[in-house]
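Single-letter residue listing:
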Amino acid sequence: MVSTTSSGSDIGWELRVSARNFLSKEVPISLVRESHAAQGMSLSLWKSMADQGWFRLLVGEPNGGLALTLRDVGPLFMELGEYLPPGPVLDHVVVGPLLINSGVEGPLLNIVSGQEVVVFADPQVDSQGIELKDLPRVDDGRLQGEVQLIRCGTQATYLIAAAIKSKEWQFLQLPVGGEGVEVKPVESFDPVNSYATASFDRMLQPGDVVLSGEAAEEALLKIRTASQLMAACELSGISSRLSKMSQAYALARSQFGRPIGSFQAIKHLLADMAVKVTALQNLCATSLDQADSWSPALTRIAAVTKAYASETARSVAEQSLQIHGGMGFLEEHDLHLFFKRALALQGFYGDERQLATSIGAELLAATGLAPIPSEGEESAGLIG
Amino acid sequence: MIDVGTLRLQVRDWLSRAEIPPHGPGTDDRFHALLEWQRALNEAGWLGLHWPRRLGGRGMTPVHHLAFCEELARSGAPPPIGLIGLDVVGPSILRFGTQAQCKHFIPPLLSADHIWCQGFSEPDAGSDLASLQTEAKIGDNGFIVNGQKVWTSWAHKADWCALLVSTTRGARQRGISYLLVDMQSSGISVSPLVQMTGDSDFAQIYFEDVVVPRSNLLGELNEGWQIAMHTLATERSFLGVRKHLECKLIFNRLLELLRATDLAQSNADHTFETVGSIYIRLKVLEAQMHSIMERVGKNGAPSAEDSMDKLLLTSVEQDMFSAILDLLGAGRMARGGEFLGAPSNQWIHGYLASRSASIYGGTSQIQRNIVAERYLGLPKGN
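Residues numbered from 1 in each chain as written. Chains lettered and ligands numbered in written order. Predicted model: local features only at pLDDT ≥ 70, side-chain atom pairs only at ≥ 80, totals over all residues. Heavy atoms only, no water.

Draft legend 1. Up close: the state of the cysteines. Residues and elements named next belong to chain B. Tallied over the full model, the rule gives zero disulfides over all chains. Cysteine 69 forms no disulfide, and the closest cysteine sulfur to it belongs to cysteine 247, at a distance of 15 Å. Relative accessible area serves as the criterion here: at 5%, cysteine 69 is assigned to the buried category. Here cysteine 102 stays unpaired: no disulfide links it, and the sulfur of cysteine 161, its closest cysteine neighbor, is 18 Å away. Classification of cysteine 102 by relative accessible area gives buried; the value is 6%. (Disulfide = S-S within 2.5 Å. Buried < 20%, exposed > 50% of the residue type's maximum accessible area, 1.4 Å probe, protein only.)

Put into structure tokens, the structure is as follows:
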């Protein structure tokens, strides 16, 4: 019923369809609830995902991967938003492979089979901006500091942490629970990811440092850009799911002798939701079309997409709850699971206000060319 | 048929060498210049790109036409003055008219020899258009029309009017007919309306025993409602493409002005957020244009998705002007003042004008009803 543009890769479409088949069978909402209650993830589901080949999609061919692109896997993330499978899917489908493609080896290579669970610990996932002095640091071979909000930290076997050494970024691959690596769970609302805080006080061992300097900086930019874009896709899936749920409810629920969907106030809420959901889908589609290969322009595109996705999902979640009335407020109803996942992703690598502020600052600092292509610039054409 | 990309390049090339009349408020004074502009566009072959060749068009696709509209808007050039004829009434004549009607009306519509206006709304029939009261009785010479219309753009300059009349009293949609009326007919009087922006784009029209020949009935008797719906939906899809680019041009202008100012003072963060959020919305609109183009390319028929597009466009346009107005701070009521080295008036005018976006062409409330009932399939209520 909701229109999707036909742009996007064929592989992306196939991936989405096969993901939907897989998720609809393997991830009943009861599994989501169980994992959330246990603040954990299902390892057998994780193995099944690995068997689906999800963790090798973006990995380059030399490492046995399919060398697909963000454009191809975006639709997969939209599907994730409709089913909420527990576990650090982003880390294994996108971030880990990006690191593998940047030359990182060791335990990370085993994410493909699902044998190891390796997550990325970015101290700046909350883009409020931590001051330099509060970032984890490496001094004289010793890593100290803390990273919060690590996805599935206590289920991971390894984490790859970003730290500062002599004013440059350095990535360290560390065993969870290893010497000087203390990972403590933090109670999470998010039904998909549990969270953890890692505290470091470790004399670095050979093999710990996996990426440094420019290579680390470049990888970090790509990881953050990709994470924003995929989170936007997931938020699009969540929004879509919630709006379909709300439409169905409005038809099924009767009061005053007729379906509540026949009342104008409800119709208007649903119409507004449909407009936003469709607009977000269109935005994700055009953004993914530009994500077939890395380019500096992609950072802005990802930020814009994430901003609108954050805002849309939050608003759709609130309106969905409004339409469901009291029923939707109950724990036993599935709505809150999608609502809470939307909240978790809203602020991930920047919410709409933070991102608008940083985009605005960039636009105003620029000189010369206007940011929107004007006459004569090739990218201005929408078709052909 | 040339491909769209080539067309764009040709249009850009032509525009770069053409003498473009200035854009902006006060269109009434520049009516003559805008008329000449449309004639020049038509002679260059840019109008009716997707219309049949035998009627003065070029036999291309609606996507070509949309691409042209985009390029025109991007260049900052004003749209042709006969826009209602080109984008609103013309398509309905092509779709529902007889061969003779098409031959008679389409070529002069393209050349601006006929300027069209739309006589739909009445003082008592706005959103509830089907309740219109302007009546056409069938006489010996044709129809005799009595009644009154309002919100008719360009009525005081128009040669022809697409008029919705009741031909079966009380039958609402099933008793409505669509007439093509010569504005020179005796019995027609026009009185302009002034808007709160200071512009005078609309008028009221009074019809007193106006004779309209039988051959000027478009489609069948009492079957004008579907034509009217077609007219209104067509209006929506082309509007989006044009407006989206106008908004971008305005935003670029705003950026230029802001960049030339030192914003290191207080409230910089707020300004950054405002600018960034407008940019994000414009990008959302741009993405929507892709899907419009695709839909138009596959099948040009108007649909409930046009209503979704209008709702999105309206919200982006209104949010943008609202945010810009807020940047003016206390200066927002000083029309003659300056903001960032440019007259405040254009921003205030822009904001006030934007408030009508959720009202014209079907209010946002009506659009939501359409989306809910025809796109989401929700049951009709009350």
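Draft legend 2. Seen up close, the pairing of strand S4 (residues 160-166) of chain B. Residue and element names in this part refer to chain B. Of all seven residues that make up S4, seven are buried, and the element is covered over most of its length. Side chains Trp160, Ala162, Leu164 and Ser166 project from S4 onto one buried face, and the interleaved Cys161, Leu163 and Val165 project onto a second face that is buried too. Pairing of strand S1 (residues 116-119) with S4, which is carried by four bridges, proceeds in the parallel orientation. Within S4, the residue paired with cysteine 117 across the bridge is cysteine 161. (Helix = DSSP H or I, 4+ residues; strand = E, 2+ residues; numbered from the N terminus. Pairing = 2+ DSSP bridges.)

Draft legend 3. How the structure looks around the environment of glutamate 36 of chain B. Residues and elements named next belong to chain B. Of note, glutamate 36 is situated in helix H2 (residues 31-43). A residue is classified by how much of its surface remains accessible, and glutamate 36, at 37% relative accessible area, is partly exposed. Through-space distance from the C-alpha of glutamate 36 to that of tyrosine 360 is 27 Å; in sequence the pair is 324 residues apart. For glutamate 36, the side chain forms a polar contact with the side chain of arginine 39, separated by 3.1 Å. (Polar contact = N/O pair within 3.5 Å; in protein donor to acceptor, adjacent residues only side chain to side chain.)

Draft legend 4. Structural context of the pairing of strand S7 (residues 202-212) of chain B. Residues and elements named next belong to chain B. Examined bridge by bridge, strand S3 (residues 143-153) and S7 share eight bridges and lie antiparallel to one another. Looking at the pairing, isoleucine 144 lines up with valine 211 of S7. Bridge analysis of strand S6 (residues 188-193) against S7 gives six bridges, and the strand direction is antiparallel. Bridge assignment links proline 192 to a residue of S7, and that residue is alanine 203.

Draft legend 5. Region of interest: the packing of helix H6 (residues 224-259) of chain B against helix H8 (residues 304-327) of chain B. All names here are of chain B. Relative to each other, H6 and H8 sit at 25 degrees, their axes nearing to 9 Å. Classified by the angle their axes make, H6 and H8 are roughly parallel. When the axes of H6 and H8 are compared, the crossing they make is left-handed. Residues Ala233, Arg236, Ser237, Leu239, Gly240, Lys243, His244, Cys247, Ile250, Leu254 and Leu258 of H6 lie in contact with H8, whose contacting residues are Asp306, Ser307, Lys310, Leu313, Glu317, Met320, Phe321, Ile324 and Leu327. Here the residues of the contact of H6 with H8 sort into 11 nonpolar, four polar and five charged. (Axes fitted to C-alpha atoms, helices over the stretch in contact; angles between N-to-C directions. Parallel < 35°, antiparallel > 145°, perpendicular 65-115°, else oblique. Left-handed = near helix turned anticlockwise from the far one by under 90°. Contact = heavy atoms within 4.5 Å. Nonpolar A, V, L, I, M, F, W, Y, C, P; charged D, E, K, R; others polar.)

Draft legend 6. Looking closely at the environment of lysine 157 of chain B. By the secondary structure assignment, lysine 157 of chain B is in the loop between S3 and S4. Residues lysine 157 of chain B and asparagine 299 of chain B, 142 residues apart in the sequence, show an inter-C-alpha distance of 34 Å.

Draft legend 7. Region of interest: the side chain of aspartate 91 of chain A. Residues and elements named next belong to chain A. Topologically, aspartate 91 is positioned in helix H5 (residues 89-101). Relative accessible area serves as the criterion here: at 1%, aspartate 91 is assigned to the buried category. For aspartate 91, the side chain forms a polar contact with the side chain of arginine 151, separated by 2.7 Å. In this structure aspartate 91 touches Gly96, Pro97, Val118, Val119, Phe120 and Arg151, once residues within four positions along its chain are discounted.

Draft legend 8. Molecular detail of the nonpolar core. Core analysis: the largest hydrophobic core is formed by 174 residues, its most contacted members being Trp54, Leu99, Phe120, Leu159 and Phe171 of chain A. When residues in this core are grouped by element, the largest group, 16 residues, is from helix H6 (residues 213-252) of chain A. Discounting chain neighbours no more than four positions away, the residues touching leucine 99 of chain A are Val104, Leu108, Phe120, Ile160, Phe171, Leu211 and Ile223 of chain A. Counting residues in each nonpolar core, the second largest holds 50 residues, with Leu35, Ala77, Val88 and Ala130 of chain B among its members. (Core = buried A, V, L, I, M, F, W, Y, C linked by side-chain atoms within 4.5 Å.)

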